[in-house]
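Structural features, examined
What follows is the residue order along each chain.
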Amino acid sequence: MKTVYKVEGGCVLCLMCVYQCPVKAISIIEDVSTVIDQDKCIGCGKCYNGCQPEAIIKIEVEDK
Ligand code: SF4
Ligand code: SF4
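In this text the structure is predicted, and so the values were computed from the model without any measurement.

1. Structural notes on the site of ligand 1
The immediate surroundings of ligand 1 are formed by 13 residues, with Cys11, Cys14, Met16, Cys17 and Cys51 found nearest. For the shell around ligand 1, the class distribution of residues is 12 nonpolar, one polar and no charged.

Below, the structure written as structure tokens:
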């Protein structure tokens, strides 16, 4: 299994995750939300643990 982090509803664009991500996997979509590039994410969980409004969810998926 692999842990995947995803930005869901509720992002207030505080940008904490954008600054904290060690591999710069998170970018901003037009004043709406942030998005995690799954190809860059190393699964450290910093964004998930630090997101105040809990806009980031954690999902367990099967390894391909
Ligand atoms: S930390 Fe949470 S609320 Fe802040 S920009 Fe990231 S996803 Fe949005
Ligand atoms: S889990 Fe870590 S590497 Fe992945 S997007 Fe969040 S902060 Fe970046």
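2. Quick word on the environment of Ala55
Note that Ala55 resides in the loop between helix 2 (46-50) and strand 4 (56-61). Assessed through the 20 C-beta atoms surrounding it within 10 Å, Ala55 is described here as buried. Beyond its immediate sequence surroundings of up to four residues, Ala55 is in contact with Val7, Glu8, Gly9, Gly10 and Cys11.

3. What to know about the site of ligand 2
Near ligand 2 there are 15 residues, and of these Cys21, Cys41, Cys44, Lys46 and Cys47 occur at the shortest range. Taken together, the residues of the shell around ligand 2 sort by class into 11 nonpolar, three polar and one charged.

Cut-offs applied
Residues numbered from 1 in each chain as written. Chains lettered and ligands numbered in written order. Predicted model: local features only at pLDDT ≥ 70, side-chain atom pairs only at ≥ 80, totals over all residues. Near = placed C-beta within 6 Å. Nonpolar A, V, L, I, M, F, W, Y, C, P; charged D, E, K, R; others polar. Helix = DSSP H or I, 4+ residues; strand = E, 2+ residues; numbered from the N terminus. Buried ≥ 20, exposed ≤ 12 C-beta atoms within 10 Å, placed from the backbone. Contact = placed C-beta atoms within 7 Å.

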